[in-house]
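For reference, the chains in residue letters:
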Amino acid sequence: MAAYDAARMRMVRHHLAARGLHDARVLAAMAQVPRERFVAPGMAEFAYEDSPLPIGEGQTISQPYIVALMLEAARIRPADLVLEVGTGSGYAAALMSRLARHVHTVERHASLAEEARARFVQLEYDNIDVHIGDGSRGWPDAAPFDAILVAAGAPAPPEALRSQLAIGGRLVIPVGDEGHVQELLKIRRTGEDTFEQESLGAVTFVPLIGEQGWAEDGRRAASRHVPARARGHDTASHIAGHAIGLPDVGDDAFADAFDRFADARVVLLGECSHGTSEFYAARAAITRRLVERHGFTLVAVEADWPDASVINRHVRHLRPRPHGPVFARFPTWMWRNREIAALTGWMRRYNEGRAYGEQVGFYGLDIYSLNASIEAVLEYLDRTDPEAAVIARERYGCLTPWQRSPEVYGRAALRAGHALCEDAVVRQCRELLDHRLGGDDELQPDRLDAAQNARLVASAERYYRVMYYGGADSWNLRDEHMADTLDQLLRAHGPDSRAVVWAHNSHIGDARHTDMGQARGEHNIGQLVRQRHSGQAALIGFGTHTGTVAAAHDWGDAMEIMDVRPSRAGSIERLCHDAGRPRFLLDLREGHDETLRRLLSDPLLQRFIGVIYRPETELQSHYARASLARQYDGYVWLDETRAVDALPARAREADEVPDTYPFGV
Ligand code: SAM
């Protein structure tokens, strides 16, 4: 119980107060009502994540932030009589009952209404009446109401609800005729026939099914005509007329249009899934152009440093050091694929005969290689300084019990009451950097490797420790590690060095303009690079409408080729699809197309597919709200895409793959 109380308080702080909700009575109610009692069995552990959850009958309990936003907008006072349409689990009605004198709530599914009623009895919330019926007609027997809140999206505000408002009463309702995306409206009755209306932004609700809502088949039941939302049409047609057309990804001219970003010191290239062939091929084409024409020499990717280091030695024609199979941990297809093998093959040919400083290198930015990095530091010291190796072995020995499953280390550190191995790994890192490496020496690949692996062990120790507490800290630490690694690379390669970064859109798009930054307090490498290299960074996102993708259903599951569902109405992706062009680039930088920037500045739904894809809960699992124009400097649209061409994960099967060393090891 105490754990839920703590999680509830965290939700109030992080998801509500930090995001600008400040009505003290609403926050107190959110801190009091136990959301875990309103979710389906087995879902309680997710009760305080800021997302909707399934409750049966194909319905959902709403996202806490949106419920609190609606409650705040409704300005419910202690003496008020309130109507809710769409009882669902009963959670929102329970909150209203803490704020108002009495609540009537209407639900069309009898089973949900009965379950909600039982919860109110158990919790002894005795000022709520649950009714079964069509709430789009309101509840005339109890009208007029001081506030009416509707938890399902209507094509237009039902006349019945407007007429059941007391003078001065507030109706808060999602309205929209574009499928599941609506605009949240607050309508205040100012007189017998007069109303004021205010928009509270874009939201996503299940449909209001009933006489004054939608028909069961998705057609409008209400007769009043609502014009199609102008904004979507304006944006799609502006994109159709003004986007920069791109040839096929395989065309030699594909990357020409990206010269406009070549002034940057760091160009960051995203992807909206980790398993789409065209995103790899497009980024490879852009990378080749930036290297060949514009002098970029560093390619830094969201991958493990030690694995990338094997590739780096290969493309630079350096003698390989002993190593196991590269990119062999889940998700193998992310880097172990034909598209990356083709890129590294090109890098090797490009580097042949060039001096080290003119060559292009391949590096990993990620934080997950605790074991391999420890091994790499020890192997380096064994070769160069056996006495130091003895000390390092002893220090890293602290982590030995957790090396196989480092995620358990956090729990052990918590139990012990202190960071068990922090001192040892930080001391080891400092010593290596202060006394043995550092300065110009770092350009030597062996030294750069050892220094970076030592830094990584220190970051990973902290990472696994904070990961145990959950929340934004571990994400932030990982992205800070990536941004720091990039800076080390730039520093080590001199003031003129320039880098291309490959990582997922969720790492590349400036987090300050997404739900992750605004609601969860997370930052990412895109934001950090923009802040650290002001005016010298180009953040480029990628998107697609439909096709296939390589992904798994769950962490550790086998890779599958899955169909990507067509993008949702009202999403950024659907706007791009509706523009009707197969491939294009949007230049979102200031001073290039201010109309486009304005049209794409408001937060809209955006799809994020990682290594996991769950089409059956796509809206909850993969869409979040974000501003396209503020997140990115450029956006690449590839309307239809296919799954990446994964290479076999095991060495023996790879024998049939020619010319792909080190992938075929
Ligand atoms: N407020 C709910 C909660 O806190 O769990 C969430 C409600 S859910 C997003 C929307 C609910 O509206 C669903 O349970 C759905 O069955 C109900 N609904 C849809 N149309 C309705 C109508 N015309 N009358 C009553 N309920 C309706």
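Residues numbered from 1 in each chain as written. Predicted model: local features only at pLDDT ≥ 70, side-chain atom pairs only at ≥ 80, totals over all residues. Heavy atoms only, no water.

**Here we look at the pattern of salt bridges**
And step 1. Here the structure, examined in full by the defined rule, presents 40 salt bridges.
And step 2. Measuring nitrogen to oxygen at the nearest pair gives 2.9 Å for the salt bridge that ties glutamate 271 to arginine 283. With glutamate 271 in the loop between strand S11 (266-269) and helix H8 (277-294) and arginine 283 in helix H8, this pair connects stretches of sequence that are twelve residues apart.
And step 3. Taking the relative accessible area as the measure of exposure, arginine 283 reaches 0% and is therefore buried.
And step 4. Where arginine 393 meets aspartate 382, a salt bridge forms, and the shortest distance between an N and an O atom there is 3.0 Å. Within this pair, whereas arginine 393 is found in helix H12 (residues 386-397), its partner aspartate 382 is found in helix H11 (residues 370-384), the two being separated by eleven residues in sequence.
And step 5. What emerges from the salt-bridge pattern is a single network uniting Arg313, Arg321, Glu379, Arg383 and Asp446. (Salt bridge = Lys/Arg side-chain N within 4 Å of Asp/Glu carboxyl O. Helix = DSSP H or I, 4+ residues; strand = E, 2+ residues; numbered from the N terminus. Buried < 20%, exposed > 50% of the residue type's maximum accessible area, 1.4 Å probe, protein only.)

**Section: the UniProt feature "active site" (unreviewed entry) in the protein**
And step 1. According to UniProt, the "active site" (unreviewed entry) feature falls on Ser62.
And step 2. Along the chain, serine 62 turns up in the loop between strand S2 (59-61) and helix H3 (64-74).
And step 3. Excluding its chain neighbours within four sequence positions, the residues that come into contact with serine 62 are Arg35, Pro52, Val67 and Phe205. (UniProt positions renumbered as here; feature names shortened; annotations may be inferred. Contact = heavy atoms within 4.5 Å.)

**With respect to empty space enclosed by the protein**
And step 1. Applying the stated criterion to the full structure yields three cavities of 30 Å³ or more.
And step 2. Quantified by volume, the largest cavity comes out at close to 70 Å³.
And step 3. The wall of the largest cavity is formed by Ser62, Val67, Met70, Glu84, Ala92, Met96, Leu149, Val150, Ala151 and Phe205.
And step 4. Those elements that provide at least two residues to the lining of the largest cavity are H3, helix H4 (91-99) and strand S6 (145-150).
And step 5. A per-class count over the lining of the largest cavity returns eight nonpolar, one polar and one charged. (1 Å grid on protein atoms, 1.4 Å probe; cavity = no way out; pocket = protein on both sides within 12 Å on 5 of 7 lines; lining within 4 Å. Points joined across faces, edges and corners; volume = space filled by probe spheres on them. Nonpolar A, V, L, I, M, F, W, Y, C, P; charged D, E, K, R; others polar.)

**Quick look at the site of the ligand**
And step 1. The environment of the ligand is made up of 26 residues, and the closest members are Ser89, Glu107, Asp134, Gly135 and Ile209.
And step 2. One of the side-chain N or O atoms of glutamate 107 is found 2.6 Å from an oxygen atom in the ligand.
And step 3. Here a nitrogen atom of the ligand sits 2.8 Å away from a polar atom, N or O, in the main chain of glycine 135.
And step 4. Protein burial of the ligand: of its 600 Å² of free accessible surface, 99% is covered by the chains.
And step 5. When residues of the shell around the ligand are assigned to their parent elements, the largest contribution, three residues, is made by S2.
And step 6. In the shell around the ligand, the residues fall into ten nonpolar, twelve polar and four charged. (Near = heavy atom within 4 Å. Polar contact = N/O pair within 3.5 Å; in protein donor to acceptor, adjacent residues only side chain to side chain. Areas by Shrake-Rupley, 256 points an atom, 1.4 Å probe, with all protein chains shown as cover.)

**Quick look at the packing of helix H13 (residues 409-416) against helix H15 (residues 445-467)**
Any two packed helices are characterised by how steeply their axes cross, that is the angle between the axes, and by the distance between the axes.
And step 1. Running from N to C, H13 and H15 cross one another at 75 degrees; their axes reach a closest spacing of 7 Å. In terms of orientation, H13 lies roughly perpendicular with respect to H15. Contact with H13, carried on its side by Tyr409, Gly410 and Ala413, involves Glu461, Tyr464 and Arg465 of H15 and no other residues of that element. (Axes fitted to C-alpha atoms, helices over the stretch in contact; angles between N-to-C directions. Parallel < 35°, antiparallel > 145°, perpendicular 65-115°, else oblique.)

**Here we look at the sheet that holds strand S17 (residues 560-564)**
And step 1. Overall, mixed pairing links the three strands, which are arranged S17-S16-S22 in an open sheet. Each of the sheet's edge strands pairs with one partner strand only, and the pair in question is S17 and strand S22 (640-641). (Pairing = 2+ DSSP bridges.)

**Regarding the side chain of serine 506**
And step 1. On the secondary structure map, serine 506 appears in helix H17 (residues 505-508).
And step 2. If we skip the residues at most four places from it in the chain, serine 506 touches Trp475, Met516, Asn524 and Phe608.

**Regarding the sheet that holds strand S15 (residues 537-543)**
And step 1. Spatially, the eight strands line up as an open sheet ordered S10-S18-S21-S15-S11-S14-S12-S13, and their pairing is mixed. Since the sheet does not close on itself, it has two edges, and those belong to strand S10 (244-245) and strand S13 (361-364), each with one partner.
And step 2. One ladder, built from four bridges, connects strand S12 (residues 298-301) with S13; its direction is parallel. Looking at S13, one finds that leucine 298 is bridged to glycine 361.
And step 3. Lying on the sheet, H8 is in contact with S11, S12, strand S14 (499-502), S15 and strand S21 (634-638); it crosses S14 at an angle near 175 degrees.

**Topic: the domain arrangement of the protein**
And step 1. Annotation of the protein at the domain level lists domain 1 (2-150 + 157-169) and domain 2 (232-296 + 498-644).
And step 2. Once you take the C-alpha centre of each, domain 1 and domain 2 turn out to be 36 Å apart.
And step 3. Taken together, the contacts link eight residues of domain 1 with six residues of domain 2.
And step 4. With both sides pooled, the region where domain 1 packs onto domain 2 buries about 500 Å², and carbon together with sulfur makes up 45% of that total.
And step 5. The three residues of domain 1 that bury the most area against domain 2 are His15, Arg19 and Pro52, which together make up 60% of that side's buried surface.
And step 6. Connecting domain 1 to domain 2 are one salt bridge.
And step 7. The partner of arginine 19 in a salt bridge is aspartate 515, and the shortest N-O contact between them spans 3.0 Å.
And step 8. Inspection of the region where domain 1 meets domain 2 yields one residue pair in polar contact (both at pLDDT 80 or more). (Domains from an automatic or database assignment. Buried area = accessible area lost by both parts, 1.4 Å probe.)

**Things to note about the packing of aromatic side chains**
And step 1. Going through the model one piece at a time under the given rule, you end up with 17 aromatic pairs.
And step 2. Both rings, one in phenylalanine 330 and one in tryptophan 333, keep their centres 5.4 Å apart while their planes meet at 85 degrees; by these two values the pair is edge-to-face.
And step 3. Within the aromatic cluster, the residues linked to one another by ring pairs are Phe584, Tyr632, Tyr635 and Trp637.
And step 4. Sitting over the ring of tyrosine 91, arginine 35 keeps its end group 5.6 Å from the ring centre.
And step 5. Here the basic side chain of arginine 98 rests over the ring of tyrosine 125, its NZ or CZ set 3.8 Å away from the ring centre. (Phe/Tyr/Trp six-rings, centres within 6.5 Å; stacked < 30°, edge-to-face > 60°. Lys NZ or Arg CZ within 6 Å of the ring centre and 35° of its normal.)

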